[in-house]
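Letter by letter, the chains look like this.
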Amino acid sequence: MKTRALGVQASGWAVLLASTALCGPALAAGAADTSAASGSTEISEIIVTASKRAENIQSLPLSIQAIDTKKLDELNITNFQDYVKFMPSVSYDTAGPNSASIYMRGVAAGENGNHSGPLPSVGTYLDEQPITTIGGTLDVHIYDMARIEVLPGPQGTLYGASSEAGTLRIITNKPSTVGFSAGYDVEGNTVDHGGQGGVVEGFINVPLASNVAVRIVAFGERDAGYIDNVFGTRTFATSGATIDNAGVVEKDFNRADTIGGRAALKIDLGANWTVTPEIIGQQLWARGVYGFQEGVGDLQVQRFQPDRDYDRWLQASLTVNGKIGRFDLTYSGGYFYRWIDSFNDYTDYSIAYDQYYGSGAYWLDKNGDILQKPQQSITGRHRYDKESNELRIASPASDRFRIIAGLFQERQTDWIIQDYQIKDFGPQISVTGWPGSIWLTDQNRIDRDEAAFAEASYDITPKLTITGGIRGYHYKNSLFGFFGYGLNYPFSTGEKHCIPGLTFRDAPCVDLDRVVSDYGETHKVNLTYRLDDAKLVYFTYSTGYRPGGVNRALLAFPTYGTDTLDNYEVGFKTSWLNRSLFFNGALYDEEWSQFQFSFLGLNSLTQIQNAPQARIRGVEASLEWRATERLTISGGTAYNNAELTRNFCGADPDTGVVVDNCADSDAQAVHGQQLPFTPKFKGNLTGRYVFDLGGWHANVQGSVLYQSRTFQALRSNADPVPGAPFSGTNEVALTGIAPAYTTADFSAGLQRDHLTMSVFIKNAFDSRGQITRATPCTVSICAQAYPDAGAPAAVFVYPVQPLTVGIRIGQTF
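Undergrad: Looking at this model, I keep getting lost on the overall build of the protein. Mind explaining?
TA: Helices and strands together make up the secondary structure of the protein, namely seven helices and 40 strands. Since a compact globule built from 813 residues should have a radius of gyration of about 28 Å, the 27 Å found for the protein is in line with a globular shape. Counting every position in the protein, which comprises 813 residues, the buried fraction comes to 61%. Approximately 28,900 Å² of the protein is accessible, and the part contributed by carbon and sulfur atoms is 58%. Of the side-chain charges in the protein, 65 are positive and 85 negative, and the distance between the mean point of each set is 4 Å.

Undergrad: How should the nonpolar core be read in this particular structure?
TA: Note that soluble globular proteins tend to have their nonpolar side chains buried in a common cluster. Counting 51 residues, the largest nonpolar core has Y83, W592 and F595 as the members making the most contacts within it. Among the nonpolar cores identified, the runner-up in size contains 50 residues, and F253, L284, A791 and F796 belong to it.

Undergrad: Hey, could you run me through the packing of aromatic side chains in this one?
TA: Remark: the centre distance and the inter-plane angle together describe each pair of aromatic rings, the angle taken between the planes. In total, this model carries 31 aromatic pairs according to the counting rule given. Centroid distance F746 to F765: 6.2 Å. Interplanar angle 85°. Geometry classified as edge-to-face. Of this pair, F746 sits in strand β36 (residues 741-752) while F765 is found in the loop between β37 (755-762) and β38 (770-774), placing the two residues 19 residues apart along the sequence. The exposure class of F765 is exposed, given its relative accessible area of 66%. Put simply, the rings of Y362, F425, W439, F483, Y485, Y489 and F491 touch in pairs and so form one group of aromatic residues. Sitting over the face of the ring of Y159, K52 holds its NZ or CZ atom 4.7 Å from the ring centroid. Across from the ring centre of W415, 3.8 Å away, lies the NZ or CZ of R505, which sits over that ring.

Undergrad: In this structure, what is going on with the pattern of salt bridges? I would like to understand it.
TA: Side chains that differ in sign of charge can pair as their charged atoms come close. According to the stated counting rule, one finds 44 salt bridges in the structure shown. D144 is the partner of R262 in a salt bridge, and the nearest nitrogen-oxygen pair spans 2.9 Å. Pair noted here: R262 is in strand β16 (residues 256-269) and D144 is in the loop between β7 (129-130) and β8 (145-152), with a separation of 118 residues, a long-range link. Taking the relative accessible area as the measure of exposure, R262 reaches 6% and is therefore buried. A single salt-bridge network, built from bridges that share partners, covers K52, E128, E390 and R392.

Undergrad: Looking at this structure, I do not really get empty space enclosed by the protein. What am I missing?
TA: The rolling of a water-molecule-sized probe over the atoms marks out the regions of remaining empty space. Estimates place the volume of the second largest cavity at around 170 Å³. Around the second largest cavity, the lining is made up of 24 residues, and of these A161, S162, E410, Q412 and D449 lie nearest the centre. Counting residues per element, the ones that place at least two in the lining of the second largest cavity are β6 (122-126), β22 (376-394), β23 (401-422), β24 (437-459) and β25 (464-484). Here the residues of the lining of the second largest cavity are counted per class, giving 11 nonpolar, eight polar and five charged.

Undergrad: Whenever I open this one, the state of the cysteines confuses me. Can you help?
TA: In protein structure, a disulfide is the covalent linkage between the sulfur atoms of two cysteines. Under the counting rule described, the total for this entry stands at two disulfides. Put simply, C498 and C509 are joined by a disulfide, and their sulfur atoms are 2.0 Å apart. Disulfide C498-C509: torsion about the S-S bond near -70°, hence left-handed. Highlighted residues: C498 in the loop between β25 and β26 (512-532) and C509 in the loop between β25 and β26, separated in sequence by 11 residues.

Undergrad: Help me understand the pairing of β37, please; the structure alone is not making it clear to me.
TA: Regular strands place their side chains on alternate faces of the sheet. Across seven bridges, β36 lies against β37 in antiparallel orientation. When the sheet's bridge partners are listed, G749 is paired in β37 with S758. What sits between β36 and β37 in their antiparallel hairpin is a turn of two residues, with D753 showing a positive phi close to 55°. As paired strands, β37 and strand β40 (residues 804-812) are joined by eight bridges and run antiparallel to one another. By the bridge assignment for β40, T756 is matched with G810.

Undergrad: When you look at the layout of surface pockets in this model, what are you seeing that I'm missing?
TA: Considered as a void within the structure, the second largest pocket measures approximately 1,100 Å³ in volume. Around the second largest pocket, the lining is made up of 38 residues, and of these K70, D73, E74, D185 and T756 lie nearest the centre. Those elements that place two or more of their residues in the lining of the second largest pocket are α2 (69-74), β10 (181-191), β11 (196-209), β35 (696-707), β36, β37 and β40. Classifying every residue of the lining of the second largest pocket by side-chain character gives 12 nonpolar, 16 polar and 10 charged.

Undergrad: Just checking my understanding: could you explain a nonpolar patch on the surface for this structure?
TA: Together, F401, Y458, I460, I466, V525, L527, F539, Y568 and V570 give the surface a local cluster of nonpolar side chains, amounting to about 760 Å² of exposed area. Mapped by element, the contributors of at least two residues to the nonpolar patch are β26 and β28 (563-576). When you line up the elements, F539 lands in strand β27 (residues 535-546). Relative accessible area serves as the criterion here: at 38%, F539 is assigned to the partly exposed category.

Undergrad: Please clarify how the side chain of D566 should be interpreted in this entry.
TA: Looking at where D566 falls in the secondary structure, it is placed in strand β28. No salt bridge is formed by the buried D566; its nearest oppositely charged neighbour, R615, is found at 11 Å. Of note is the side chain of D566, whose polar atom sits 2.7 Å from the side chain of Y541. Setting aside anything within four residues of it in sequence, one finds D566 in contact with Y541, S542, T543, D589, E590 and E591.

Undergrad: How should the sheet that holds β38 be read in this particular structure?
TA: Within a sheet, each strand pairs with its neighbour through backbone hydrogen bonds, oriented either parallel or antiparallel. Taken together, three strands build an open sheet; the order of strands is β18-β39-β38 and the sheet is antiparallel. The open sheet has two edge strands with one neighbour each: β18 (292-293) and β38. The pairing of β38 with strand β39 (residues 796-799) spans four bridges and is classified as antiparallel. Bridged to A774 within β39 is F796.

Undergrad: Just to check I follow, could you spell out the environment of K423 for this structure?
TA: Position of K423 among the secondary structure elements: in the loop between β23 and β24. Considering only alpha carbons, one finds K423 and S377, 46 residues apart in sequence, at a separation of 8.7 Å. Excluding anything up to four places from it in sequence, K423 contacts L371 and Q375.

Undergrad: Would you mind going over the sheet that holds β8 with me for this structure?
TA: Read across the sheet, five strands follow the order β3-β8-β9-β6-β7 without closing on themselves; strand pairing throughout is mixed. Of all strands in the sheet, those with a lone pairing partner are β3 (65-68) and β7, marking the two edges. Looking at chain direction, β6 and β7 are connected through two bridges and run antiparallel. When the sheet's bridge partners are listed, Y125 is paired in β7 with P130.

Undergrad: So what exactly am I meant to see when it comes to the side chain of T686 here?
TA: Assignment of secondary structure puts T686 in strand β34 (residues 681-693). A relative accessible area of 3% means that T686 is categorised as buried. Of the polar contacts made by the side chain of T686, one reaches the side chain of S703; its length is 2.8 Å. Those residues in contact with T686 that lie beyond four places of it in its chain are L75, F86, T632, I633, S634, Q701, G702 and S703.

Undergrad: Explain the environment of T465 to me, please; I cannot follow it from the model alone.
TA: On the secondary structure map, T465 appears in strand β25. A polar contact is formed between the side chain of T465 and the side chain of D459, at a distance of 2.7 Å.

Undergrad: Explain unusual backbone geometry here, please?
TA: What is expected of a backbone is that most residues other than glycine have negative phi and most peptide bonds are trans. A positive phi angle, near 65°, is found at K52, a position not held by glycine. Residue placement: K52 occurs in the loop between β1 (47-48) and β2 (55-56). Even without being glycine, L299 reaches a positive phi, approximately 55°. Relative to the helices and strands, L299 is located in the loop between β18 and β19 (300-301).

Cut-offs used in this document
Residues numbered from 1 in each chain as written. Predicted model: local features only at pLDDT ≥ 70, side-chain atom pairs only at ≥ 80, totals over all residues. Heavy atoms only, no water. Helix = DSSP H or I, 4+ residues; strand = E, 2+ residues; numbered from the N terminus. Rg over C-alpha atoms; globule rule 2.2 N^0.38 Å. Buried < 20%, exposed > 50% of the residue type's maximum accessible area, 1.4 Å probe, protein only. Areas by Shrake-Rupley, 256 points an atom, 1.4 Å probe, with all protein chains shown as cover. Lys, Arg positive; Asp, Glu negative; His and termini not counted. Charge placed at Lys NZ, Arg CZ, Asp CG, Glu CD. Core = buried A, V, L, I, M, F, W, Y, C linked by side-chain atoms within 4.5 Å. Phe/Tyr/Trp six-rings, centres within 6.5 Å; stacked < 30°, edge-to-face > 60°. Lys NZ or Arg CZ within 6 Å of the ring centre and 35° of its normal. Salt bridge = Lys/Arg side-chain N within 4 Å of Asp/Glu carboxyl O. 1 Å grid on protein atoms, 1.4 Å probe; cavity = no way out; pocket = protein on both sides within 12 Å on 5 of 7 lines; lining within 4 Å. Points joined across faces, edges and corners; volume = space filled by probe spheres on them. Nonpolar A, V, L, I, M, F, W, Y, C, P; charged D, E, K, R; others polar. Disulfide = S-S within 2.5 Å. Pairing = 2+ DSSP bridges. Patch = residues over 30% accessible without salt bridge, like charges linked within 9 Å, V, L, I, M, F, W, Y side chains within 5 Å. Polar contact = N/O pair within 3.5 Å; in protein donor to acceptor, adjacent residues only side chain to side chain. Contact = heavy atoms within 4.5 Å.

Read these as spatial facts, not as claims about activity.
As structure tokens, this is what we get:
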């Protein structure tokens, strides 16, 4: 089964601390043994590499949430939406597979994931390599994985630019020379209100010699659809012509098929050196859309052209581990390539702009007559690649003074084509060389990052340790190419601003050539006191950053600058009752300065401005308790009070310079406004009971997951700034607020020898929890209904996947 799911205003630290006692985040320790025969209630601990050393998670003075191999299996986790609901510090917005934008601890301003928007604030790693992409977090298929680690809070010292708010790490199982092993799993599932899906997956580990082993993983998956494309009509205001979608009406039309695999080779070169090359890739074929329109019906939309997405990615990596004297040396290099071909219906935009502006008067055919049915569509093509290299050295972890130091380099490019087509659009007003194109984006984005880092720890006493870290960085980001209209189109953006002498691929000319660069440092200080072998407390001050970039609408908006995050954190790690109970937590205060705010402006063009400041005060905690040798209880919770601390005034419409101060009546968002996409409270609680049944080891399990409401936008003031018609739109009201929701998952299973069987129910009570609410174009236009055109508001609700029931069978050898 695949779930597409994420699952009180309070003041004062006392209330925050009280909230952690409800249940704990998440799964900071490994699960108890599923066999009731062991007789022990001690919890197996997880070894993590979040600090770029192998360390026991309970000994690491860092807020970290981790799920190991065993827990991944027990929770039936196979994809991003499955595991993120058990990570209370993580929130996200999404428009479907491979499109999620991740946020941690409320550090979110409403990013729209546009190809020309800001870099992410959360870094994503697959093993040692960064796979952070602008267009959305990769939904790496979770099978034969060692663990998933979530590091909330700034990780800038060791992980750099895109880890301003936190880091997500997916760690694969490595080849083993110990012996042969293999396994497979087969799953079938059915979705309420939808169709049927399934997964077939398997792995094999083969020692080729005493020092060489290979591990190969493969899978195939069908995700069932559950959104219906129902019959509808639209009438264009300018021409009066009516269209319908009879040719594309379909039940459960958002199906997806994914295949993928990986192969890794481990070569031991003597006792101290290991070389591990690996290649991993996936292909996704997705149809339809994953959101519904409330004005049409539950789990229903009206689309007028066939939406489709073909998304492929491949990563080749090389990791070398060795020793030089007493020091550990690690080299990690990777090349990542992603290519996406898509086609999207844009009829909602056509209808809205025709109704709102009378734009149909400009949409002419080859004879200069008004087009009767000017439906738009978007043909997209992305070619994204990333190369990264890191070399680091570490002194022995047992030394009283120990250090990690290294160099990092990354270069990522994104060649973007988005062709906005209107059928029978006049060639005389089309983009030159692109018949039928009213708007073309054909540009290359390059983001470069170089850094040197070091982190050192010193044991002042056997119980007291101080750690300091610093990272110096330089970035250089650029946009080059073309965006806009044809030469003879009545609006000015595009060919009317060609730069003489420059060309780019098949673009008619170059009207965009801009570079921004900067350098700086980010740092960290940590003080840890170990009360005993089972308990520690710590204080951390850390900073994070996100590089600045280029706005395409250069005449209206300048470049935008780096934003920074300062984190003040107090935390604890404890184990009790002979290590049968782990309880960890952290209390933090974060100041987010000059944060990058992206939004759709004129012509639905993404624009980015540096907003003034926000503050996040929160608490997170995790609990793992093996209450008896048969019963294990685990849970997690996070509370985040994330809000503006100053009015966001927007930019001066004439100069594009951000206005620092303004009255509440002129502000686009007033101080105290909650930041988007982050629930104030998110929590989960899981109980698992194991017992023997007729010679089998049996288990039953239940999980309850809750999150409070989330705002879907930042700009909440309805009063516009004079001269800026898009600046004051109350996007919070127009888009709507996603209400609080609760989901529940249940499972039961049997295991004997190497065979496992389980049945599961996800979203057991068919909650229609709303992950994201979004519009396809400028909110003030597309979020309105146009009754005369027969058009409901183009606000799409992306829900938790409906009730899903499945059965899974697996075997290992």
